[in-house]
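Each chain, written out:
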Amino acid sequence: MNVVVCDTGPIIHLKEAGLLKLLKETGKICIPQMIETEVSEIDHLWKKQRPDWILIEPLSSGEIAKAESLVLSGLLDFGEAEAIILAQKLNPKWFLTDDTEARVLANSLGMEVHGSLGVVLWSAAVGHLNYLESKKSLDRLSKTSLWISKDILLQAREALKLMFEKM
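Cut-offs used in this document
- Each residue is numbered by its place in its chain's sequence as written, counting from 1.
- With pLDDT at 70 or above as the cut-off, local features in this predicted model cover only qualifying residues; side-chain atom pairs require 80 or more to be listed or tallied, and sums for whole chains, interfaces and linings still use all residues.
- To obtain the side-chain values, all non-hydrogen atoms of the structure were used and water was disregarded.
- The way it works is that DSSP assigns letters per residue, a run of H or I at least four long becomes a helix, a run of E at least two long becomes a strand, and they are numbered from the N terminus.
- We call a residue buried when its accessible area falls under 20% of the maximum for its residue type, exposed when it is over 50%, and partly exposed in between, using a 1.4 Å probe and counting protein chains only.
- Pairing of aromatic rings covers Phe, Tyr and the six-membered ring of Trp, with a centre-to-centre limit of 6.5 Å; geometry is then stacked below 30 degrees between planes, edge-to-face above 60, and tilted otherwise.
- To qualify as a nonpolar core, a set must consist of buried Ala, Val, Leu, Ile, Met, Phe, Trp, Tyr and Cys residues joined through side-chain atoms within 4.5 Å.
- Working rule for contacts: check all heavy atoms of both residues, and any pair within 4.5 Å makes them a contact.
- Definitions used throughout: a 1 Å grid over protein atoms alone; a cavity as a set of points that fits a 1.4 Å probe which cannot get out; a pocket as an open set with protein on both sides within 12 Å along at least five of seven lines; a lining residue as one with an atom within 4 Å of a point.
- Grid points are joined across faces, edges and corners, and a volume is the space filled by probe spheres set on the points.
- Asp, Glu, Lys and Arg are counted as charged, while Ala, Val, Leu, Ile, Met, Phe, Trp, Tyr, Cys and Pro are counted as nonpolar; the rest, among them Gly, fall into the polar class.
- Under the convention used throughout, the expected extent of a helix is 1.5 Å for every residue step, that is, one less than its residue count.
- Within this analysis, the arc is defined by the directions that extend from the helix axis to the C-beta atoms.

Participant: Help me understand unusual backbone geometry, please; the structure alone is not making it clear to me.
Facilitator: Glycine aside, negative phi is the norm for most residues, and most peptide bonds take the trans geometry. The residue Asn91 is not glycine, and still its phi comes out positive at about 50°. In this structure, Asn91 sits in the loop between helix H6 (78-90) and strand S4 (94-96). Residue classification places Asn91 among the exposed positions, given a relative accessible area of 65%.

Participant: Teacher, can you tell me more about the packing of aromatic side chains here?
Facilitator: Any two aromatic rings considered together are summarised by their centre-to-centre distance and by the angle between their planes. The full count for this structure, using the stated rule, is two aromatic pairs. Taken together, a centroid distance of 5.4 Å and an interplanar angle of 85° make the contact between Trp94 and Trp122 edge-to-face. Residue Trp94 is located in strand S4, and its partner Trp122 is located in helix H8 (residues 116-125); the two are separated by 28 residues in the primary sequence.

Participant: Can you walk me through the nonpolar core in this structure?
Facilitator: Looking at soluble globular proteins, one finds that nonpolar side chains tend to be buried together. Residues Ile11, Leu14, Leu23, Phe95, Val120 and Leu141 are the most contacted members of the largest nonpolar core, which totals 50 residues. Broken down by element, this core gets its largest block of residues, six residues, from H6. When neighbours within four sequence positions are excluded, Leu23 is seen to be in contact with Cys6, Ile11, Leu14, Ile29, Trp53, Leu96 and Val119.

Participant: Quick question: what am I supposed to make of the environment of Pro92 here?
Facilitator: Within the fold, Pro92 resides in the loop between H6 and S4. C-alpha of Pro92 to C-alpha of Cys30: the two residues are 62 residues apart in sequence and 9.1 Å apart in space.

Participant: What am I meant to see in the layout of surface pockets here?
Facilitator: In this approach, a probe sized like a water molecule rolls over the atoms, and the result shows the empty space that is left. Within this model, the largest pocket holds a volume of roughly 350 Å³. For the largest pocket, the lining is made up of 17 residues, of which Arg103, Leu117, Leu146, Trp147 and Ile152 are closest to its centre. If you list the elements that add at least two residues to the lining of the largest pocket, you get helix H7 (100-108), H8 and helix H10 (150-165). When residues of the lining of the largest pocket are assigned to their parent elements, the largest contribution, four residues, is made by H10. Looking at the lining of the largest pocket residue by residue, the classes come out as seven nonpolar, seven polar and three charged.

Participant: Please clarify how H10 should be interpreted in this entry.
Facilitator: Each α-helix turn comprises 3.6 residues. Residues three or four places apart therefore point the same way. In this model, H10 (16 residues) spans 23 Å end to end at C-alpha, consistent with the 22 Å of a helix rising 1.5 Å per residue. Within H10 the residues assigned to the buried category are Leu153, Ala156, Leu160, Met163 and Phe164. One face of H10 carries all of its buried residues, which in axial projection span an arc of 85°. Opposite the buried face of H10, by more than 90 degrees, sit the exposed residues Lys150 and Glu165. Residues of H10 that are buried make contact with H8 and helix H9 (131-142).

The analysis is restricted to geometry; functional conclusions fall outside its scope.
Below is the structure:
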């Protein structure tokens, strides 16, 4: 099973859209403790409702110190920094984030990076969603706290059309 490291954004946005189950399909979902803390602060029911397939992976004190250095650089918050350090440790298939700075840093470190929108498109591409479900999922995601430009949303809808025309 593929390992996937996730930061706070995709968990929150997919949960808001009622699509968190799609995350499970991507692989073994691993998060550091700080992501668990951040999600719990945003969603007060999270600790009682966190799916057992989202695994909290510990970081060593040295790894936490590396995360603190990333935070001090001013580019990332502590959750994103811990998630990137965890990804370096686990060498996952994907690093999931909806944060631009975390995406840029993870890409520069050689990680394959996707976000909430990418999870929906991937789910459609591999058959977890049919065309109608995919379109509805994009609409639901666009109504969450995730900021998606109209242009990106249009491109995603066009990608779905092309994807399903080929099937």
